[in-house]
Structures are given as C-alpha cells and as structure tokens.
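# Close look at the chain arrangement
Now for the letters of each chain:
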Amino acid sequence: MACPRLRVLEELILLEICAFIGSVRKFEGEMRELKIFGWVALLALSFPCAVVAQEDEEVPPEGNGQSSTSDSVNRHIAWLGDPNEHTRRNAAAGLANFGPGAKEAVSELILALSDRDDADLRKYAARALGAIGPDAHQAVPALRRALSDRSDFGSRFVRKESATALGRIGPKAAGVVVDDLLPLLGDDDLYVRRAASEALALLQTSAIPGLIKTLGHPEPEVRYRASAALAEMRGASLEALETALESPDVLVRRAAARALASYHVAQQLRAVPRLIKGMQDSDSEVRNWAVLALVERAAESDEAMAAILDELRKDSELAFEIVVQLSRVASREIVLRKLLAIIS
C-alpha cells in the first residue's frame, strides 16, 4: 500500500506540472499574438507612405496620371512639416518611391537633411534626394556636409545614403565631391565604404585620378575599395589601370592587377599585353592577379592562351597557380580543349 505522504507529494508534483503546462500554453498564445503583430508591423513599414496617408488621404480623382503623381508628391511635402516625427520620416521615405517625379520636394528634403535631432529623417531625406537623381543637384552642398555627419549612432546611415545620393546625382556633382568621397573609402562603417566606392564608380572619369592615387594607400581596405570602384567603371578606367600596372609602387601595381582581374571580358582583352608583363612582376601578388586575369581571358585571346602555355611548359612557379585558376574559371572546358589542341 502506497504511503499517504508519498501520494500527497505526487499530487503536488502533478499540480505543479499542470500549472507549468498552463503557463507555457499561455506564453505560447502570447508569443503567437506577438509574432502576428510583428509581421503586421513589418508589412506596414514596407509601405510607409500608405501608413501615414491612410487616415486622411483622399482617393485621387481619375484622370491624368502625372497630375495624380504631383498631388501625391505635394501631400508628402506637406507631411514633411508635420509635428509628428514618424509622419515626417515616412513622408521622406515615401518621396524616394517617386524617383525623379519628386523633384518638387528637393528644397524641403534639404531642410529635412539638416534636422540635427533626427538621424532617421536625415537618412530618408538623403535617400529620396538620391532617388530624384540629377534634378536634385541643388542639394549637393547639403549632401557634402552630411558626409561628415558623426553626431550620433544613426549618422553612419546618413553618410551612406548621402554618398549614394551624390553618385546618383552624377556629373552635376562630380566636379566638387570626389575629394569628399575618397576619405570615406576608409570609413569605420562597412556600408559607408561600399557606398562611397559605388558612388565614385558612378562619377566615372572625374574620379579616376583620385582613385589611382588612392591605390597606393597604406590601408588594404582603402586600396580594395578604390580598385573596386575602378573595376566598376570598366572601359573608362582601363587605360589608367594599365599604366598603374607599371607603377614603381608595389601597392599600386597589386590594386591595379586586382581591378583588371575583375573586368568584363571584352574590355580586359585590350589589357592582355600588360597582364602578360604582369606575370613577370617581382611581386607574387601582382603575378597571381595577372594570372587570374589572363586565365579568364584565355578562351577568347590566343595571346593570353600562348602566355599561359608558355608558363606551363617552363614549369615555372606560376604553373601551379595557373592550374588552380583554370580549375575555377567558368570557361575551363573551352580553355582546356584549346590547350590540348595546341599541345597535340
């Protein structure tokens, strides 16, 4: 016969377990509600202008689409002056969706970009100015000032969006902003560095001299971002990179070879003679980047193929690197067939 004390203890344990299960179920129900709320909030954030406009917005009359767009832009401009900070942020974010159609809002967005108390508003204003593009050229001075914004944690996003905006405004900003963007290649935030590199690439020829000079920067990350910008320019920077490949500064040669190795095939074919010389460089990193570039070009260039075959025949120290790169290149089957045809 079971001990009464033991039975009481068992019942107490069962009660505790039931209470625990009940609390778990209640917690799960609350979590489900919380998740649903989170998804709804996320959905709302993806349509910021609709959330702001939902309360008072009137249905636009049917008719001229351009007129409807203009009316919507004007409403967003009005919301930029709203006393509620969330309404102002959503208005700035919403204006980016209109692209060049929001050019009427440039003056108000410049004012929003100077709001020192709200980094999110400054970020969205810069993004909207970038979406407007060349028509936002009068915002260039304000965007240049924003590149040095370090007033709070959110200011890194302001720098990123401002750099992107200056790149999208393009030639109308190029003459004055290159020297402002170059230091951002060494910014302490990854996304700011990337945005500065992409913006400089969009500015094309006006940015090339500064980027070539930056290839010799002592910081590897800065050199990498400069070479990435030059690579994105493709044909525009090819001549400058070919010249840089013969620089007395080994850091410049490395960065130039790296940029050439990432070029589009048709444009790199012009650089094949310089890349062949690069395979004989005194620096192993320059040689390896030159090999990678030539292997990428071997399927289309008999000259590149001949240089690769010559190194394989010599059994030089580059032979192993050539084999490694051949195993990775997308056109390896074509290259290998050509090599076998030449050897046989």
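Scope of this entry: the structure provided in the associated data block.

Calculation notes
Residues numbered from 1 in each chain as written. Predicted model: local features only at pLDDT ≥ 70, side-chain atom pairs only at ≥ 80, totals over all residues. Heavy atoms only, no water. Helix = DSSP H or I, 4+ residues; strand = E, 2+ residues; numbered from the N terminus. Buried < 20%, exposed > 50% of the residue type's maximum accessible area, 1.4 Å probe, protein only. Contact = heavy atoms within 4.5 Å. Areas by Shrake-Rupley, 256 points an atom, 1.4 Å probe, with all protein chains shown as cover. Core = buried A, V, L, I, M, F, W, Y, C linked by side-chain atoms within 4.5 Å. Expected span 1.5 Å × (residues − 1). Polar contact = N/O pair within 3.5 Å; in protein donor to acceptor, adjacent residues only side chain to side chain. Salt bridge = Lys/Arg side-chain N within 4 Å of Asp/Glu carboxyl O. Axes fitted to C-alpha atoms, helices over the stretch in contact; angles between N-to-C directions. Parallel < 35°, antiparallel > 145°, perpendicular 65-115°, else oblique. Left-handed = near helix turned anticlockwise from the far one by under 90°.

### A word on the overall build of the protein chain
Scanning the protein chain from N- to C-terminus turns up 20 helices and zero strands. A buried classification covers 44% of the 344 residues belonging to the protein chain. Put simply, of all contacts in the protein chain between residues at least 6 apart along the chain, 65% involve residues at least 24 apart. Of the roughly 19200 Å² of accessible surface on the protein chain, a fraction of 56% belongs to carbon and sulfur atoms.

### Looking at the nonpolar core
Core analysis: the biggest nonpolar cluster contains 94 residues, and Leu109, Leu113, Leu143, Leu181, Leu200, Leu211 and Leu215 have the highest contact counts within it. Ignoring sequence-local partners within four residues, the contact set of Leu211 consists of Leu182, Leu185, Leu200, Ala226, Ala229, Leu230 and Met233.

### A short note on helix α14 (residues 250-261)
Its twelve residues place the ends of α14 16 Å apart at the C-alpha level, agreeing with the 16 Å of an ideal helix rising 1.5 Å per residue. Every buried residue belonging to α14 is among Val252, Arg253, Ala255, Ala256, Ala257, Ala259, Leu260 and Ala261, and all of these are buried. Between the side-chain oxygen of the N-cap and the backbone nitrogen of Leu251 there are 2.9 Å, and the N-cap of α14 in question is Asp249.

### Structural notes on helix α4 (residues 85-95)
Burial within α4 is extensive, with nine of its eleven residues counted as buried. Where α4 is concerned, the buried positions are Thr87, Arg88, Arg89, Asn90, Ala91, Ala92, Ala93, Gly94 and Leu95. Where α4 starts, the residue carrying a side-chain oxygen 2.8 Å from the main-chain nitrogen of His86 turns out to be Asn84.

### A word on the pattern of salt bridges
This model, assessed by the stated rule, comprises 22 salt bridges. Measuring nitrogen to oxygen at the nearest pair gives 2.8 Å for the salt bridge that ties Asp187 to Arg150. Taken as a pair, Asp187 in the loop between α9 (171-181) and α10 (190-202) and Arg150 in the loop between α7 (140-146) and α8 (155-169) lie far apart in primary sequence, 37 residues in all. The salt bridge involving Arg159 is made with Asp187; its shortest N-O contact spans 3.1 Å. Separated by 28 residues along the polypeptide, Arg159 in helix α8 and Asp187 in the loop between α9 and α10 bring together distant segments of the chain. For Asp187, a relative accessible area of 3% puts it in the buried group. Through salt bridges with shared partners, a single ionic network connects Glu85, Arg89, Asp118, Asp120 and Lys123.

### Focus: the packing of helix α17 (residues 284-297) against helix α19 (residues 318-328)
Across the interface, α17 lies against α19 with an axial gap of 10 Å and an inter-helix angle of 45°. When the interaxial angle is binned, α17 and α19 end up oblique. Considering only the axes of α17 and α19, their crossing is right-handed. Contacts from Arg287, Asn288, Val291, Leu292 and Val295 in α17 reach Leu318, Glu321, Ile322, Gln325 and Leu326 in α19.

### Side note on the environment of Ile334
The residue Ile334 is located in helix α20 (residues 332-343) in this model. On the basis of relative accessibility, which here comes to 44%, the residue Ile334 falls in the partly exposed class. Along the sequence, Ile334 and Ala299 sit 35 residues apart, while their C-alpha atoms lie 6.1 Å from each other.

### Describing the side chain of Ser197
Mapped onto the fold, Ser197 is located in helix α10. Overall, the relative accessible area of 5% leaves Ser197 in the buried class. There is a polar contact of 3.0 Å between the side chain of Ser197 and the backbone oxygen of Arg225. Here Ser197 is in contact with Leu185, Arg225, Ala228 and Ala229, once residues within four sequence places are set aside.

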